[in-house]
Amino acid sequence: MKKIPLGELAFAIGMLLTCAGVALMVRSDLGLSMIAAPAYILSEKFGPLTTGTAEWCVQGAVFVLGCILIGKFSMPMLLSFLVAALNGAVLDMMLRLFAFATPISFAARLAVWFIGLILLALGIAFAFRSYLPCQMHEMFVKTVADARGWSRDKCKIVYDWIFLALSLTLSLLFFRHLVGIGIGTVLATLLNGPCIVLWGKVLDKWFNFEPALKKRSARQ
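Here's a quick rundown of the structure.

Analysis parameters
- Residues numbered from 1 in each chain as written.
- Predicted model: local features only at pLDDT ≥ 70, side-chain atom pairs only at ≥ 80, totals over all residues.
- Heavy atoms only, no water.
- Helix = DSSP H or I, 4+ residues; strand = E, 2+ residues; numbered from the N terminus.
- Rg over C-alpha atoms; globule rule 2.2 N^0.38 Å.
- Buried < 20%, exposed > 50% of the residue type's maximum accessible area, 1.4 Å probe, protein only.
- Contact = heavy atoms within 4.5 Å.
- Areas by Shrake-Rupley, 256 points an atom, 1.4 Å probe, with all protein chains shown as cover.
- Lys, Arg positive; Asp, Glu negative; His and termini not counted.
- Charge placed at Lys NZ, Arg CZ, Asp CG, Glu CD.
- Salt bridge = Lys/Arg side-chain N within 4 Å of Asp/Glu carboxyl O.
- Phe/Tyr/Trp six-rings, centres within 6.5 Å; stacked < 30°, edge-to-face > 60°.
- Expected span 1.5 Å × (residues − 1).

### Quick look at the overall build of the protein chain
Inference 1: Each helix and strand in the protein chain was counted, giving nine helices and two strands.
Inference 2: Tracing the protein chain from N to C terminus, the helices and strands come up as β-α-α-α-α-α-α-α-α-β-α.
Inference 3: For 220 residues, the compact-globule estimate of 2.2 N^0.38 gives 17 Å, and the protein chain sits close to it at 17 Å.
Inference 4: Within the protein chain, buried positions represent 48% of all 220 residues.
Inference 5: Restricting to contacts in the protein chain with at least 6 residues of sequence separation, those with at least 24 account for 77%.
Inference 6: Within the structure as shown, the protein chain displays about 11000 Å² of accessible surface, and the carbon and sulfur contribution to it stands at 72%.
Inference 7: Placing the 20 positive and 11 negative side-chain charges of the protein chain at their respective mean positions leaves the two points 5 Å apart.

Here it is as structure tokens:
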């Protein structure tokens, strides 16, 4: 079976899907993913910060930690940090786009949350398969896991649990109660990693992620 070529499109698709997934989870009010929660908490605490800008700050801290763990400066992670500015703008745009969608019933909120989780996991799976700089979170997992000889999928699951602990700490430290964290956050911690693995298998079956621009340059 001939696979559908995506090439560089995987980068754009991954960014749009992850931002849309986070925005829908915000609208569900059931709790964000553990990765998105710290930025949301910071934006709620420090008013001038948008969620997208706060996310860029969080990814900056992740960049520094990644360089420490691999023991050297990482240009790919630096590029991801710079791309995070674009990602933050797209996230803020998605939050405005979905601002009108306020589910009322619990069933509707749950449905919106699950759609958000599915889009988020799919977006991350796309990002893992792009050679272009993805979000710092995904680039951190790829870079550190490869440098240490760890499984990317297992590393991602551990990373998610660490961010859950960070989200709980920030929420209780700043507000003395849970903000941006709920049953959805716990479910995302349990389901996000396995969902990314499943989506990855589907994508690898149907799509070819070989860089189109590099292939064209090689032929010229």
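Additional details are given in the paragraphs that follow.
### Brief notes about the side chain of Lys142
Inference 1: Relative to the helices and strands, Lys142 is located in helix H6 (residues 136-148).
Inference 2: Buried charge without a salt bridge: Lys142, with Asp146 as the nearest opposite-charge side chain at an N-O distance of 7.2 Å.
Inference 3: In this view, Lys142 contacts Ala127, Phe128, Ser130, Cys134 and Arg152; residues no more than four positions away in its chain are not counted.

### Observations regarding unusual backbone geometry
Inference 1: Of note in the backbone geometry, Asp29 takes a positive phi value of approximately 60° without being a glycine.
Inference 2: For Asp29, the location among the structural elements is in the loop between helix H1 (9-28) and helix H2 (37-45).
Inference 3: Classification of Asp29 by relative accessible area gives exposed; the value is 59%.
Inference 4: At Arg176, a position not held by glycine, the phi torsion is positive, near 65°.

### Looking at the packing of aromatic side chains
Inference 1: Using the criterion set out here, one finds ten aromatic pairs in the structure.
Inference 2: An angle of 10° between the planes, with centres 6.1 Å apart, marks the rings of Phe63 and Phe81 as stacked. One end of the pair, Phe63, is in helix H3 (residues 51-70); the other, Phe81, is in helix H4 (residues 75-97), and 18 residues separate them in sequence.
Inference 3: Here the aromatic rings of Tyr159 and Phe163 are separated by 4.9 Å at their centres, their planes lie at 35°, and the arrangement is tilted. One end of the pair is Tyr159 and the other is Phe163, both in helix H7 (residues 152-175) and four residues apart, which spans about a single turn.
Inference 4: By the ring-pair criterion, three or more aromatic residues cluster together here, those being Trp56, Phe63, Phe73 and Phe81.

### Here we look at H1
Inference 1: A rise of 1.5 Å per residue sets the reference length of H1, with its 20 residues, at 28 Å; its end C-alpha atoms lie 29 Å apart and thus fit the reference within 8%.
Inference 2: For H1, a buried count of 14 out of 20 residues is recorded, marking the element as mostly surrounded by other parts of the structure.
Inference 3: Positive backbone phi, approximately 60°, marks Asp29, located one or two places after H1.

### Considerations on the pattern of salt bridges
Inference 1: Tallying each qualifying case throughout the model produces three salt bridges.
Inference 2: Between Asp204 and Arg129 there is a salt bridge whose closest N-O contact spans 2.8 Å. Of the two residues, Asp204 is situated in helix H8 (residues 183-206) and Arg129 in the loop between helix H5 (106-128) and H6; the sequence distance between them amounts to 75 residues.
Inference 3: Residue Asp204 is classed as partly exposed on the basis of its relative accessible area of 35%.
Inference 4: Between Asp160 and Lys156 there is a salt bridge, and its shortest N-O distance comes to 3.1 Å. A residue pair is termed a helical-turn pair when its members lie 3 or 4 positions apart in one helix, as Asp160 and Lys156 do in helix H7 at four residues.
Inference 5: What makes Lys156 buried here is its relative accessible area of 2%.

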